[in-house]
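Fold and contact review
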Amino acid sequence: MKRFDLRRRTDRLDPETQYEEIARILATQEFPWDINQALSFALFRTYAVPTIGRLLFETGEFTERVQKRYDDTGLILDAVLENGLTSDPGRAGIRRMNQMHGSYDISNDDMRYVLSTFVVIPARWIEDFGWRKLTRNEIVGTTNYYRALGRYMGIKEIPETFEAFEKFLDDYEREHFLFDSGGRAVADSTLDLLCTFPPNNLAPAALIKRFSWALMDDPLLDAFAYRRPSRLARTLSRGALKARARLVRFYPVRTVPKFARDLPNIRSYPNGYDVEKLGTFPRTCPVQHTNGTVAPENTSSRTALDA
């Protein structure tokens with residue numbers, strides 16, 4: 001395969017009907033490292049919203065079992081992406097998300113915001129640090145993929161376009177980013193975990209954290225009460241990622257998809273895993289259970305796929 005063959009393939013796909021294939025190619029062949037990094041930063045941003053960061057802190061899952069929670073999130077999303085939204089493994093993954101989310105009082109707006117980070121942050125990351133830009137067809141396709149995922153999660157009033165997602169995300173962060181000690185604790189725990197991932201584990205943890213802070217925008221840093229890095233630190237960190245992108249441009253095309261389970265960061269299940277056993281199982285669950293049918297787009301229950 002030639003270097004731009006995958007781009008030609010995604011641009012031949014219909015973003016209105018073949019969005020799953022577009023999202024799969026981008027995440028597992030064209031930009032596997034970039035999208036994994038971007039989604040990690042996307043989730044990290046959500047901790048700066050107090051209603052999200054505080055809840056994650058209160059569960060204890062993201063401070064006491066952060067490696068397992070990191071792994072579970074990636075593997076659940078993996079099952080949906082690899083097998084399809086309506087496949088048995090995909091439905092099991094969505095059902096697990098709905099069961100977990102349905103056990104807590106999470107607002108629809110917070111759910112929409114988290115979904116927005118998954119749409120917007122990878123596109124912005126690739127715009128800044130990818131070896132090539134996303135095409136309009138790819139942006140529309142990935143947007144539609146997450147719109148479909150959001151519908152199966154029962155999220156209401158989902159933005160219809162990438163630009164609408166961008167506006168919602170930026171407005172929400174402007175209004176809601178605020179320091180919370182619980183959110184800060186979750187952020188610190190996540191950065192500590194990042195320092196253990198290879199090849200980060202070969203460098204001093206302080207250096208990895210400074211590199212990470214230099215990639216964060218000021219509103220995010222301020223929400224966690226992190227010190228703003230110097231202009232030099234920002235230039236060096238961003239420059240390193242841009243240099244990597246120039247090198248990757250000359251790499252051979254990835255012909256074998258790389259999923260989350262193939263990453264060295266995923267370490268909790270050396271002997272395999274069952275999607276239906278991933279995540280948390282709170283003792284009480286206030287969700288009305290159904291017969292397991294997929295929630296239609298206009299469902300009145302955010303967790304109607306829960307079974």
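This text goes with the structure placed above it.
Read on for a plain summary of the structure. Position numbers for residues count from 1 along each chain, tracking the sequence in the order it is written. Reporting of local features is limited, given that this is a predicted model, to residues whose pLDDT is at least 70; pairs of side-chain atoms are given and counted only at 80 or more, and all residues count toward the totals for whole chains, interfaces and linings. Note that the side-chain values use all heavy atoms of the structure and ignore hydrogens as well as water.

**So, the packing of aromatic side chains**
For Phe, Tyr and Trp, rings pair up if their centres lie within 6.5 Å, where Trp contributes its six-membered ring, and each pair is then called stacked (planes under 30 degrees apart), edge-to-face (over 60) or tilted (otherwise). Going through the model one piece at a time under the given rule, you end up with 16 aromatic pairs. One aromatic cluster is present, formed by Phe44, Tyr47, Phe62, Trp213, Phe224 and Tyr226 through successive ring pairs. Arg3 extends its terminal NZ or CZ atom over the ring of Trp131, reaching a point 3.9 Å from the ring centre. The ring centre of Phe281 lies 3.9 Å from the NZ or CZ of Arg96, which sits over that ring. Two conditions define a charge sitting above a ring: the NZ of Lys or the CZ of Arg must be within 6 Å of the ring centre, and it must be within 35 degrees of the ring normal.

**A short note on the packing of helix α8 (residues 108-129) against helix α10 (residues 162-176)**
Two elements in contact, α8 and α10, have axes whose closest approach is 9 Å; the angle formed by their N-to-C orientations is 115°. Of the two elements, α8 crosses α10, and the hand of that crossing is left-handed. Contact with α8, carried on its side by Asp109, Asp110, Arg112, Tyr113, Leu115, Ser116, Thr117, Val119, Val120, Ile121, Ala123 and Arg124, involves Phe162, Phe165, Glu166, Phe168, Leu169, Asp170, Tyr172 and Glu173 of α10 and no other residues of that element. The nonpolar class holds Ala, Val, Leu, Ile, Met, Phe, Trp, Tyr, Cys and Pro. Asp, Glu, Lys and Arg form the charged class, and all remaining residues, Gly among them, are polar. Its residues assigned to classes, the contact of α8 with α10 comprises 11 nonpolar, two polar and seven charged. Interaxial angle, 0 to 180 degrees, is taken between N-to-C directions of lines fitted to C-alpha atoms, where a helix line uses only the stretch in contact. Each helix is a run of DSSP H or I of at least 4 residues and each strand a run of E of at least 2, with the numbering of both proceeding from the N terminus. Helix crossings are classified by the rotation of the near helix relative to the far one: an anticlockwise turn of less than a right angle makes the crossing left-handed, while a clockwise turn makes it right-handed. Throughout, a residue-residue contact means that at least one pair of heavy atoms, one from each residue, lies within 4.5 Å.

**What to know about the pattern of salt bridges**
Within this document, salt bridges are pairs made up of a side-chain nitrogen of Lys or Arg and a carboxyl oxygen of Asp or Glu, the two lying within 4 Å of each other. With the rule as written, the count across this model stands at 30 salt bridges. Residue Arg3 pairs with Glu30 through a salt bridge whose shortest N-O separation is 3.9 Å. Taken together, the residues span a long stretch of sequence, with Arg3 in the segment before α1 (5-12) and Glu30 in helix α2 (residues 19-30) at a distance of 27 residues. Judged by its relative accessible area of 16%, Arg3 falls in the buried class. Linking Arg132 and Glu138 is a salt bridge whose minimum nitrogen-to-oxygen distance equals 2.7 Å. By the burial criterion, Arg132 is buried, and Glu138 matches it. Residues joined in a network through salt bridges with shared partners are Glu61, Glu64, Arg65, Lys68, Arg69 and Asp72. Each residue is assigned to one of three classes by its accessible area relative to the maximum for its type, calculated with a 1.4 Å probe on protein chains only: buried under 20%, partly exposed between the two thresholds, exposed over 50%.

**Here's the deal with the nonpolar core**
For the purposes of this section, nonpolar cores are sets of buried Ala, Val, Leu, Ile, Met, Phe, Trp, Tyr and Cys residues that join through side-chain atoms within 4.5 Å. With 74 residues, the main nonpolar core has Phe44 and Leu85 as its most contacted residues. Per element, the largest residue contribution to this core is 11 residues, and it comes from α8.

**A look at unusual backbone geometry**
With omega at 0°, the peptide bond leading from Pro198 into Pro199 counts as cis. You can see Pro199 is positioned in the loop between α11 (181-194) and α12 (205-214). Phi angles above zero are rare outside glycine, and Glu157 is one such case at about 55°. One non-glycine residue, Ala225, lies in the positive phi region at around 60°. Its location among the elements puts Ala225 in the loop between α13 (218-224) and α14 (231-248).

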